[in-house]
Amino acid sequence: MQGDERHIILFSVTYGPDQSGHTTINFGPLNRDGGERRLNVALTRARSEMIVFSTLSPDRIDLSRTSARAVIDLKHFLEYAERGPSVLGAAVHGSMGDFDSPFESAIALALRDKIRQNVLENLGIARLSQFARERIIEGVGRLS
């Protein structure tokens, strides 16, 4: 898939529980450093729609058994695919204060001028995946 975009992507998760119902947390390349980039490439190819097929429920991914960023992101992506945007709100903890850098402040000012909307400081979405952040930035880019 290496960068080719399509209007509709059929995304199949081929991991799942074994015959006894046990789910391993071995997701091959996703468990390695940089695995989040592979997942990001796969998840950002759809221009308008992605249809997800999976026998793996996000509830079966036990995050206490891994620290792999891509596995964490996969779980949150599957939650989003299964339950919709309401799951993103569960990760929001409210504003964490002012901007961390002059760079963030400059971006916020530019966005406020461009979209005429309030921009929240350090919203605190701790588990929002790189995929979601890039889609948000991509959406903002379409405003220009």
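Everything in this summary refers to the structure shown in the same document. Remember, predicted model here, so these are calculated numbers, not experimental data.

**Some thoughts on the packing of aromatic side chains**
Step number 1: In total, this model carries two aromatic pairs according to the counting rule given.
Step number 2: An angle of 80° between the planes, with centres 4.9 Å apart, marks the rings of tyrosine 15 and phenylalanine 27 as edge-to-face. Of this pair, tyrosine 15 sits in the loop between strand 1 (6-13) and helix 1 (35-43) while phenylalanine 27 sits in the loop between strand 1 and helix 1, placing them twelve residues apart in sequence.

**What to know about the packing of helix 1 against helix 2 (residues 69-83)**
Step number 1: Two elements in contact, helix 1 and helix 2, have axes separated by 7 Å at closest approach and are oriented at 30°. The element helix 1 and its partner helix 2 pack so that their crossing is right-handed. Residue-level inspection shows Gly35, Glu36, Leu39 and Leu43 of helix 1 in contact with helix 2, the latter providing Arg69, Ala70, Asp73, Leu74 and Phe77.
Step number 2: Here the residues of the contact of helix 1 with helix 2 are counted per class, giving five nonpolar, one polar and three charged.

**Notes on a nonpolar patch on the surface**
Step number 1: On the surface, a cluster of nonpolar side chains totalling about 380 Å² of accessible area is made up of Ile8, Leu10, Ile51 and Phe53.
Step number 2: Those elements that place two or more of their residues in the nonpolar patch are strand 1 and strand 2 (46-54).
Step number 3: By the secondary structure assignment, isoleucine 8 is in strand 1.
Step number 4: Given a relative accessible area of 46%, isoleucine 8 falls into the partly exposed group.

**Observations concerning the pairing of strand 2**
Step number 1: One ladder, built from seven bridges, connects strand 1 with strand 2; its direction is parallel. If you follow isoleucine 8 over to strand 2, its bridge partner there is glutamate 49.
Step number 2: The parallel pair strand 1 and strand 2, bridged by helix 1, forms a crossover whose chirality is right-handed.

The rules behind the values
- Starting from 1, residues in each chain are numbered consecutively following that chain's sequence as written.
- Side-chain atom pairs in this predicted model are given and counted only at pLDDT of 80 or more, local residue features only at pLDDT of at least 70, and totals for whole chains, interfaces and linings cover all residues.
- For side-chain calculations, the full set of non-hydrogen atoms in the structure is used, while hydrogens and water are omitted.
- Any two of the Phe, Tyr and Trp rings considered here, Trp counted by its six-membered ring, make a pair once their centres fall within 6.5 Å; the pair's planes then place it as stacked at under 30 degrees, edge-to-face at over 60, or tilted in between.
- Working definition: helices are DSSP H or I runs of at least four residues, strands are E runs of at least two. Numbering for both runs from the N terminus.
- In this analysis an axis means a line fitted to C-alpha atoms, helices contributing only their contacting stretch, and an angle means the value between N-to-C directions, from 0 to 180 degrees.
- In a left-handed crossing the near helix is turned counterclockwise from the far helix by less than a right angle, and in a right-handed crossing that turn is clockwise.
- The contact rule is simple, with two residues in contact once any of their heavy atoms fall within 4.5 Å.
- Three categories are distinguished: nonpolar for Ala, Val, Leu, Ile, Met, Phe, Trp, Tyr, Cys and Pro, charged for Asp, Glu, Lys and Arg, and polar for the others, with Gly belonging to the last.
- Only residues whose relative accessible area exceeds 30% and that take part in no salt bridge are eligible for patches, with like-charged residues grouped when within 9 Å of each other and nonpolar side chains (Val, Leu, Ile, Met, Phe, Trp, Tyr) grouped when within 5 Å.
- For the accessible areas, the method is Shrake-Rupley and the probe is 1.4 Å, while residue cover comes only from the protein chains on display.
- In the sections that follow, a salt bridge refers to a side-chain nitrogen of Lys or Arg positioned within 4 Å of a carboxyl oxygen of Asp or Glu.
- When a residue's accessible area, from a 1.4 Å probe over protein chains only, is under 20% of the maximum for its type it is buried; when over 50% it is exposed; and in between it is partly exposed.
- What makes two strands pair is DSSP finding at least two bridges between them.
- With the strands pointing away from the viewer, any crossover whose connection runs clockwise from the first strand over the helix to the second is right-handed.

None of the figures reported here should be taken as evidence of function without further support.
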